[in-house]
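# Topology and contacts: notes
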Amino acid sequence: MYALFVLVPFLSSFILNLPFRKVNKRLSCGVCAVLFLLQMAVSIIPGLGLDKINPAVLANIFNFDLGVDVLSKVMLFCIGLVALVTLCANSLFLKDSDDKFNFINILLIAVAGMNGIVLAKDIFSLYIFLEITAVASFILIAFNREELGLEGAFKYILLSSIASVLMIAGIALFFLVSASTHFSAIHSALLAQDKSLLINLAMALFLAALFIKAGLMPFHGWVPDAYTAAPAAASVFLAGIITKTAGIYVLIRILVSITGFSLSIKSVLLFIGAFSAIIGALAALTQSDFKRMLSYSSISQMGYIILGVGAGTALGLAGAALHIFNHAVFKSLLFVNSAAVEQALGSRDIHKMGGLGSQMPITSLTSVLGSLSCAGIPPLAGFWSKLIIIIALWSAGYQTYAVIAILGSILTLAYFLCLQRSVFFGKLNAEFKHIKEAGFSLVFPALLLAVIIVGAGIFLPLVLDKFILSFNTVLGG
Amino acid sequence: MFLDLIILILLVLTALWTVMTRSLLRASLGLALASAILTLIMFNMGASLAAVLELSVCAGLIPVLFISVISLTQPLTFKEALEHMHSRMARFWVLPLIVIILGVILVLISVKFKAPLPAAQTPDSARFVLWHLRQFDLLGQIIILFGGVFGVVVLFKERKKSA
């Protein structure tokens, strides 16, 4: 069953390019929407088949060694959700039917790659699917073939290649000590050879690679350019899920399945997390470009997630996983809002805006909800994940980092208040009087994501206990 | 051991030349040469199948692809090439230094690599490895190829609006 998460998106993309392309073009958007909705449903609704053993027919053909735990389920749901939102944004922004169709194909390949990352139990398989996601990301960033987009894609290719080299060197060293690339085999070998220099070197290479992929400071060089230059729909997808899957998820998976949380690893994670959370937020405060501010905000929130992981406890991991979900939702929402504003005004300079709330009430309302959730204001969803991360840091004995996390939240609130005041509040500029609310394909995903933010904020407390407890099994291997 | 060391030094020198040379054509040839030397190391270590693949794909096919693309581009004039080389030297003069320092560090710490390394498990054949043990990776490779080809078509095909 798990294999279908990779096979279905890939084969869909393949089949869509077979003869009858005209018919396929018309069907592609609907087919993808159904696929992504199915992925979301199957990953969270028990009994829909995700936990069942491979059906015999599939098992006879495909002998894949894949696995799923609560963290993978969170990721699979987020991938489906962000892909669905990207699909909606794509249908408005790309006018040409060929472009729309091509974008959908790349989206399917990226989803297949990310699903492969989430399901892999072998470090080399994980690397291959990371590369699939990276290739799809290059194409998405450069999709419009404009100068800025090509420059952003080139920067991403360069830094991603460095990350790939570091990662493959790390894999080679892990293989050297364990004679296998399976998570459990490497884990056993590492237990037998504790504190080996080779293992530390392998882990250092891997961490550096994943920090680049996650866009954490000081490895963030590609993030603002890539997010800003990419087409609106691609920005939603990149910021919403790609960096989280390729960077943060892989990091958590390597830590819980292979190396475990040593004191030195926790120290590195906490420092990088705190550094990214604070410097990312300070950098966001100084931006005048809507998307660039959101890019730095993403770096800051990635730092938050890493702080949760760095606590090294089940509570910290639960907080990190929850913040991955929340960030996927509110950052996708904010990028959809920025796309709506950019489409209406033809500019992303927030100093030239003002008073748009009266002209674009839905965009304005959903943007306020997304911003407040990102800043961790109760009772919105972002509050719970930030609260859990801060409690996890405090209870693990890292009180200083807990205080830094709170400071990061205050800074987040500060730059989002500046953004809201500059864009949606204040006096309406006379030249924007003709501006109208964005079209249905941007309003619908914005409303959907806003409902998730409010709904998750209200209902999360009811399931938090179960959610946190389930991370004991993740940490147990 | 002495032979290994010479081959390794040759590999590093060729790789450095590949990165620092002023002409794209020479860089492609340098890449082919580096791959060929890497093939020697692989043969020497008993990984003959990997060596054959390295030789045919990395030392053969890929440089041919590069050279065929380079032949479609406009070459630099001698003066431009010289300027380009000078700016490249100014930027990358530190690269050989880094390689030497890293080499010394690796030699020094290699003394401490005393971990009881297990022997590599060599399954029966490459066919068995590919079709039975690494099926998921094989699927991944197919998706990468498909994605890459699709990307080239999407990014380089002339679009209707720009026609």
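Being a predicted model, the structure only gives us computed values, none of them experimental. (Residues numbered from 1 in each chain as written. Chains lettered and ligands numbered in written order. Predicted model: local features only at pLDDT ≥ 70, side-chain atom pairs only at ≥ 80, totals over all residues.)

## Structural notes on the overall build of chain B
Each helix and strand counted, chain B has 7 helices and 0 strands in total. From first element to last, N terminus to C terminus, chain B shows the α and β order α-α-α-α-α-α-α. Classification of the 163 residues of chain B by burial places 13% in the buried group. Taking the intrachain contacts of chain B between residues at least 6 apart in sequence as the baseline, contacts between residues at least 24 apart amount to 53%. (Helix = DSSP H or I, 4+ residues; strand = E, 2+ residues; numbered from the N terminus. Buried ≥ 20, exposed ≤ 12 C-beta atoms within 10 Å, placed from the backbone. Contact = placed C-beta atoms within 7 Å.)

## Some details on the overall build of chain A
Regarding its fold elements, chain A presents 18 helices and 0 strands. At 21 Å, chain A has a C-alpha radius of gyration in line with the 23 Å of a compact globule built from 477 residues. The principal-axis extents of the C-alpha atoms in chain A amount to approximately 70 × 60 × 45 Å. The proportion of buried residues among the 477 residues of chain A is 57%. Of all intrachain contacts in chain A linking residues separated by at least 6 positions in sequence, the fraction that spans at least 24 positions is 81%. (Rg over C-alpha atoms; globule rule 2.2 N^0.38 Å.)

## Some thoughts on the interface of chain A and chain B
Contacts between the two partners involve 34 residues from chain A, matched on the other side by 27 residues from chain B. Of all the elements, helix α6 (residues 123–141) of chain A adds the most residues to the side of chain A that touches chain B, at 10 residues. Of the residues assigned to the side of chain A that touches chain B, the class counts are 22 nonpolar, 8 polar and 4 charged. (Nonpolar A, V, L, I, M, F, W, Y, C, P; charged D, E, K, R; others polar.)

## Let's talk about the environment of Phe335(A)
Residue and element names in this part refer to chain A. In this fold, Phe335 is placed in helix α14 (residues 314–345). Residues Phe335 and Gly382 lie 47 residues apart in sequence; the distance between their C-alpha atoms is 16 Å. When residues no more than four places from it in sequence are discounted, the contact partners of Phe335 are Ser235, Val236, Ala239, Gly240 and Leu294.

## Describing the domain arrangement of chain B
When the domains of chain B are assigned, the result is domain 1 (2–113) and domain 2 (125–158). Between domain 1 of chain B and domain 2 of chain B, the C-alpha centre-to-centre distance is 26 Å. (Domains from an automatic or database assignment.)

## Concerning the confidence of the model for chain B
Residues and elements named next belong to chain B. Averaged over all residues, the pLDDT of chain B equals 80, while 87% of them reach at least 70. Between the elements of chain B, mean pLDDT differs from a low of 75, seen in helix α6 (residues 126–133), to a high of 89, seen in helix α2 (residues 24–44). On the interface metric, ipTM, the complex scores 0.86, and its pTM is 0.87. (pLDDT = per-residue confidence, 0-100.)

## Regarding the packing of helix α12 (residues 263–285) of chain A against helix α13 (residues 290–310) of chain A
Residues and elements named next belong to chain A. The interhelical angle for the contact between α12 and α13, taken along N-to-C directions, is 155°, at an axis separation of 7 Å. In this view, α12 runs roughly antiparallel relative to α13, as classed from their interaxial angle. For the pair α12 and α13, the sense of crossing is left-handed. Broken down by class, the residue content of the contact of α12 with α13 amounts to 17 nonpolar, 7 polar and 1 charged. (Axes fitted to C-alpha atoms, helices over the stretch in contact; angles between N-to-C directions. Parallel < 35°, antiparallel > 145°, perpendicular 65-115°, else oblique. Left-handed = near helix turned anticlockwise from the far one by under 90°.)

## A closer look at α2(B)
All names here are of chain B. Under the 1.5 Å per step criterion, the end-to-end length of α2 is 30 Å for 21 residues, consistent within 8% with the ideal 30 Å. Every buried residue of α2 is accounted for by Ser28, Gly30, Leu31, Ala32, Ala34, Ser35, Ile37, Leu38 and Thr39. For α2, the secondary structure elements touched by its buried residues are α1 (2–20) and α3 (48–70). Of the residues one or two after α2, Gly46 is the one with positive phi, at around 90°. (Expected span 1.5 Å × (residues − 1).)

## Notes on the packing of α13(A) against helix α16 (residues 381–395) of chain A
All names here are of chain A. Following both chains from N to C, one finds α13 and α16 inclined at 40°, their axes separated by 9 Å at the closest point. The orientation of α13 with respect to α16, classified from their angle, is oblique. Handedness of the crossing formed by α13 with α16: left-handed. Residues Tyr304, Leu307 and Gly308 of α13 form the contact with α16, whose participating residues are Lys386, Ile389, Ala392 and Leu393. Here the contact of α13 with α16 is composed, by residue class, of 5 nonpolar, 1 polar and 1 charged.

## Quick notes on the environment of Leu16(A)
Residues and elements named next belong to chain A. Here Leu16 lies in helix α1 (residues 4–16). Remark: the alpha-carbon pair of Leu16 and Lys386, spanning 370 residues in sequence, is separated by 42 Å. In contact with Leu16, other than residues within four places in its own chain, are Asn24, Ser28 and Asn105.

## Remarks on unusual backbone geometry
Residues and elements named next belong to chain A. Put simply, Met217 and Pro218 share a cis peptide bond, and its omega is 5°. For Pro218, the location among the structural elements is in the loop between α9 (197–214) and α10 (222–229). Cis geometry is adopted by the peptide bond preceding Pro379, which originates at Pro378 and carries an omega value of 5°. Inspection of the secondary structure puts Pro379 in the loop between α15 (361–375) and α16.

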